[in-house]
Structure formats: C-alpha cells, structure tokens
Amino acid sequence: MSPSLRSLRTALRIPATEIADEAVWRQRRRLLAGLGALPALGLSGCAEAEPPPPAREPPGREEVAAGFSTDEALTREADVTSYNNFYEFGTGKADPSRAAKTLRTSPWHVEVSGECAKPGRVSFDDLLRGFLPEERVYRLRCVEGWSMVIPWLGVPLAQVLRRFEPTSKAKFVAFTTLADREQMPGLRYRSIDWPYREGLRIDEAMHPLTLLATGLYGKPLPQQNGAPLRLVVPWKYGFKSIKSIVAIRFVERMPPTAWNDLQPREYGFFANVNPAVDHPRWSQASERRISGSEGRLFADRIPTRPFNGYAEQVAGLYAGMDLRRWY
Ligand code: MTE
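Source: prediction; values computed, not measured. (Residues numbered from 1 in each chain as written. Predicted model: local features only at pLDDT ≥ 70, side-chain atom pairs only at ≥ 80, totals over all residues. Heavy atoms only, no water.)

## What to know about the overall build of the protein
Summing up its helical and strand segments, the protein has 11 helices and 12 strands in all. Expressed as a percentage of its 327 residues, the buried residues of the protein come to 50%. Look at the contacts in the protein between residues 6 or more apart in sequence, and 70% of them connect residues 24 or more apart. Just so you have it, the protein exposes about 14,900 Å², and 54% of that area is on carbon and sulfur atoms. (Helix = DSSP H or I, 4+ residues; strand = E, 2+ residues; numbered from the N terminus. Buried < 20%, exposed > 50% of the residue type's maximum accessible area, 1.4 Å probe, protein only. Contact = heavy atoms within 4.5 Å. Areas by Shrake-Rupley, 256 points an atom, 1.4 Å probe, with all protein chains shown as cover.)

## Considerations on the site of the ligand
With respect to spatial proximity, 16 residues lie near the ligand, and among them Asn84, Tyr87, Glu88, Arg230 and Lys243 are the closest. Asn85 has a polar backbone atom sitting 3.2 Å from a nitrogen atom of the ligand. With respect to the ligand, the side chain of Glu88 contributes an N or O atom lying 2.8 Å from a nitrogen atom. In isolation the ligand exposes 530 Å². Once the protein is present, 99% of that is buried. Its residues placed into classes, the shell around the ligand shows 7 nonpolar, 6 polar and 3 charged. (Near = heavy atom within 4 Å. Polar contact = N/O pair within 3.5 Å; in protein donor to acceptor, adjacent residues only side chain to side chain. Nonpolar A, V, L, I, M, F, W, Y, C, P; charged D, E, K, R; others polar.)

## Quick look at the pattern of salt bridges
Enumeration over the complete set of coordinates arrives at 17 salt bridges. Measuring nitrogen to oxygen at the nearest pair gives 3.1 Å for the salt bridge that ties Glu72 to Arg289. Taken together, the residues Glu72 in the loop between helix H4 (61-65) and helix H5 (77-80) and Arg289 in strand S11 (residues 286-289) connect sequence positions 217 residues apart. For Arg289, a relative accessible area of 8% gives the class buried. For Asp126, the salt bridge goes to Arg129, with nearest N and O atoms at 2.7 Å. With relative accessibility at 34%, the residue Arg129 sits in the partly exposed group. (Salt bridge = Lys/Arg side-chain N within 4 Å of Asp/Glu carboxyl O.)

## Quick word on the sheet that holds strand S1 (residues 109-114)
The strand order across the open sheet formed by 5 strands is S2-S1-S10-S5-S6, and the pairing between neighbours is mixed. Of all strands in the sheet, those bounded by a partner on one side alone are strand S2 (120-123) and strand S6 (197-201). Neighbour-to-neighbour, the strand axes of this sheet turn through a mean angle of 20°, independent of strand direction. Where strand S5 (residues 172-177) and strand S10 (residues 245-251) come together, 6 bridges link them in antiparallel fashion. When the sheet's bridge partners are listed, Thr176 is paired in S10 with Ala247. (Pairing = 2+ DSSP bridges. Axes fitted to C-alpha atoms, helices over the stretch in contact; angles between N-to-C directions.)

## Thoughts on the side chain of Gln284
With respect to the element layout, Gln284 can be found in the loop between helix H10 (258-262) and S11. Classification of Gln284 as buried rests on a relative accessible area of 1%. In this structure the side chain of Gln284 is engaged in a polar contact, spanning 3.0 Å, whose partner is the side chain of Arg141. Those residues in contact with Gln284 that sit more than four places away from it in its chain are Arg141, Val143, Tyr237, Asn274, Pro275, Val277, Asp278, His279 and Thr304.

Below is the structure:
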C-alpha cells in the first residue's frame, strides 16, 4: 500500500478490506467534518444517520516502530475527558470538564511571529488547510506520576511550522495559550503567571512524533483537553503539551515557560520523562496508568520508561547532554 493511502487509512481507522464500504465512507466524512478538514478538501458535510465507529484495527508494525501507535490498552474516553489538568479552569482534576464549557473555540486564530519569512495571524482553518489528520496513539505521562494512553488526531507540528518558513535563527519555538478572564475562571488565581507558556527546541518541534492535535477518539478535541488545538509531545512530561494555543513564535533563545518560571527546580525546560531523576518531592521511577475499568480510575503502578518509552525515536536529540542537569 502506498504511504499516503496507508496514512489516510490509519488516520481514519479503516481496515484495508473496507475501503469502499459505505458505512466506512460515512465514518470518514464524519471524522473529517469534525476536524474542520472538509473545507480544506473542498468537500461539503452531510447529515445522514451515523453508523457506530468500526472496531479498532491493531496497529501495524511500522506504526509501533515509529512510535506512532502502541498496542497498550487505551484509557477510556470518559477518563481522558474528565480527569484533566487545565489550570485556566481550576486546579482540580474534575474542574476543566465542568468549567471549560465556556471556552469559545470558533472562530479561533493563531498569531505566528518571530524568526520566519511568513509571519501572520491565521485562522484555525487556514493553519490546517490541506493537511489530512492522522491518528496517533501515544502514552501521556504527567509529571505528577499518572499516565494515560490516548488516541489523538492531528497533524505533525513540523508540517504546520514549515508553512511559515522559519529562518536559520529560529532555534526554539514558543507557544502561548489563550488568557481570557471572561472565559477562563481559573485566571482569577495566580497559580501560574498567565498566560500559560511553553517552548520546544526547534529540532524537538520538528520531530515526527510532535503532534498539533485537533481531536481525540475520532472527534474534535473537547474544550477541557485543549480545544481547538494543542501540542502533544509524548516523550516529555505532560505540562509541555500546551493547550488551546493562540500564539507561536520562532525565537533565537530558549523562551521562558510557565512552570519553569514558577519553580525551576521542579519543572525543567526540557522535561523529558526520566525515571532516574526524581521530582524534588516525589519519585519518578513509576507511574499509575489510568486504564480504568468502570468505577476504578487507576490501575496498578508500572515502571516509568526513559523518554516515556520513545527513547529509540528521540534519545539522539540529546546526545552529549547531561540528562540529570537538563531535566
Ligand atoms: N495547558 C494549559 N494551557 N494549561 C494547563 O494547565 N496542563 C498541562 C498540559 N497542558 C495545562 C496545559 C498538564 S500538567 C498536563 S498533564 C496536560 O496538559 C494534561 O492534558 P489532558 O488534560 O488532556 O490529559
């Protein structure tokens, strides 16, 4: 199968034998519509009754090898969307799913600036125009010691960034979340120096694993998960995966970031998952995987892996760096 057909099939979870099946075709249109990709492809939506989603296809060997998928059990959608960190909507895990309903995700614009040939303020649709969403099943490891396995939909960040033609001076990329007191009740509290800010080195931003996510579980991102678009950097602690992005800036120097500003000894700029470097207040050697069957949020502890299990794909980015110092 050609790589493009394979990635389309993967993105839409269509078994090869069912490419022409009508139910699958409808499912595919629903997915694309949900992601705002229909205008990009010059198609229009339809309002037919929806068939149930097809059963999940086991990941192919190349997808697992590239880190794009895993055969570990998925965290239930109900848990992915109700156990969240999104401090703009409160610091409790259940706060965002209740409070983030006030976040207006359309229209949405992103300001792209700094060291690039084509800066500008672009709409969500223009930012993603022409790109086909891909499914990526990634582990998410929070610095707090819990983890999930989430089927995201999105576009490799590299593809989107290239559109703005970063110059050779673009050594880092800085990201900013919306900060609107009207929509985000958590901004009343100075838990963080708002707006929430994060950053990546340019090679990390351009790595094929780094995803600009627009959906999960085959649907558009819910507000509490960072709608309409967020980063997912699976080998780093979850706080690097900044939500509801409104600004992207190419910069020459390492940008200040929200958690690092607040507590540099506890939250490094690189924040690569590392079981050998404890958080000053707790061990990072293991994690509680939220794989939850009904009524039981956490499964047992499992060992945490270097780079969250993505060492094969990303360890080379840090060759020669002291990973204890640059946590
Ligand atoms: N982005 C913003 N803007 N605000 C936040 O509070 N929390 C981070 C990250 N992105 C956060 C954020 C943390 S600590 C984690 S673990 C992940 O989002 C959680 O993502 P999830 O709620 O979708 O699981």
